[in-house]
Amino acid sequence: MKKDGWFASLQNLTWLTQLGLSLTVPPVLCLLLAGWLAERFLLGPWVWLAAILLGLGASACTFAEFMRMFLRRSGRRPPEGGPAGGPNSRGPGGSPHGGREGGQADGLHRAGPDNGGPKTN
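Thresholds, definitions, all that
Residues numbered from 1 in each chain as written. Predicted model: local features only at pLDDT ≥ 70, side-chain atom pairs only at ≥ 80, totals over all residues. Heavy atoms only, no water. Helix = DSSP H or I, 4+ residues; strand = E, 2+ residues; numbered from the N terminus. Buried < 20%, exposed > 50% of the residue type's maximum accessible area, 1.4 Å probe, protein only. Contact = heavy atoms within 4.5 Å. Areas by Shrake-Rupley, 256 points an atom, 1.4 Å probe, with all protein chains shown as cover. Expected span 1.5 Å × (residues − 1). Salt bridge = Lys/Arg side-chain N within 4 Å of Asp/Glu carboxyl O. Phe/Tyr/Trp six-rings, centres within 6.5 Å; stacked < 30°, edge-to-face > 60°.

Asks: Looking at this structure, I do not really get the overall build of the protein. What am I missing?
Replies: Broken down by element type, the protein carries two helices and two strands. Shown N-terminal to C-terminal, the secondary structure of the protein runs as helices and strands in the order α-α-β-β. When the 121 residues of the protein are sorted by exposure, 17% land in the buried category. Long-range pairs, those at least 24 residues apart, make up 34% of the contacts in the protein with a sequence separation of at least 6. Here the protein has roughly 9700 Å² of accessible surface; of this, 65% comes from carbon and sulfur atoms.

Asks: What is the right way to read helix 2 (residues 46-73) from this model?
Replies: Structurally, the α-helix is built with 3.6 residues per turn, so residues lying three or four positions apart point the same way. Under the 1.5 Å per step criterion, the end-to-end length of helix 2 is 41 Å for 28 residues, consistent within 8% with the ideal 40 Å. All of the buried residues along helix 2 are Val-47, Ala-51, Gly-55, Ser-59, Phe-66, Met-69 and Leu-71. Two residues or fewer past helix 2, Gly-75 is found with a positive phi of approximately 95°.

Asks: Looking at this structure, I do not really get the pattern of salt bridges. What am I missing?
Replies: In a structure, side chains of opposite charge can pair up when their charged atoms sit close to one another. Under the counting rule described, the total for this entry stands at one salt bridge. The partner of Glu-65 in a salt bridge is Arg-68, and the shortest N-O contact between them spans 2.8 Å. One end of the pair, Glu-65, and the other, Arg-68, are both in helix 2, three residues apart, so they sit about a helical turn from each other. A relative accessible area of 42% places Glu-65 in the partly exposed class. Judged by its relative accessible area of 24%, Arg-68 is partly exposed.

Asks: Please clarify how unusual backbone geometry should be interpreted in this entry.
Replies: The backbone of Leu-42 sits at a positive phi, close to 55°, despite the residue not being glycine. In this fold, Leu-42 is placed in the loop between helix 1 (3-41) and helix 2.

Asks: Just to check I follow, could you spell out the side chain of Ser-59 for this structure?
Replies: Inspection of the secondary structure puts Ser-59 in helix 2. Given the relative accessible area of 7%, Ser-59 is considered buried. Once residues lying within four places of it in the same chain are set aside, the contact partners of Ser-59 are Ser-22, Leu-23, Pro-26 and Pro-27.

Asks: How should the packing of aromatic side chains be read in this particular structure?
Replies: We describe a pair of aromatic rings using the distance from one ring centre to the other and the angle between the two ring planes. Scanning the entire structure with this criterion turns up three aromatic pairs. With centroids separated by 6.4 Å and ring planes inclined at 55°, the aromatic side chains of Trp-15 and Phe-66 adopt a geometry described as tilted. With Trp-15 in helix 1 and Phe-66 in helix 2, this residue pair connects regions lying 51 residues apart in the sequence. Residue Trp-15 is classed as partly exposed on the basis of its relative accessible area of 30%. Ring plane angle 90° and centroid distance 5.9 Å describe the contact between Trp-36 and Phe-41, whose orientation is recorded as edge-to-face. Here Trp-36 falls in the partly exposed class, since its relative accessible area comes to 47%. With a relative accessible area of 47%, Phe-41 lands in the partly exposed category. Put simply, the rings of Trp-15, Phe-66 and Phe-70 pair up and form one aromatic cluster.

Below is the structure:
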């Protein structure tokens, strides 16, 4: 096996381990916190339901972010227009300003190198 292949295998194993931990830790911590809150403050079973939903939501966000990173690293593009568009996401019309030209977003003018503002390095 080539050194590059060996290194790539170890790197993939590292990513898989990190993904597993990132998906399991939030629900477990939320359930531990719910148990402590329910015991300490004599709260009802709704605390457990809230903890499960919060933990699974955190894991889902982690998984979505991992998939975006994985797609970027593999050379494929993640789907456009998702609810969690990052700073590089494009709005309608392919413009980073949501289809508005001149750098205006919601009536606010942002000075920058594209619209007459100072250039930053």
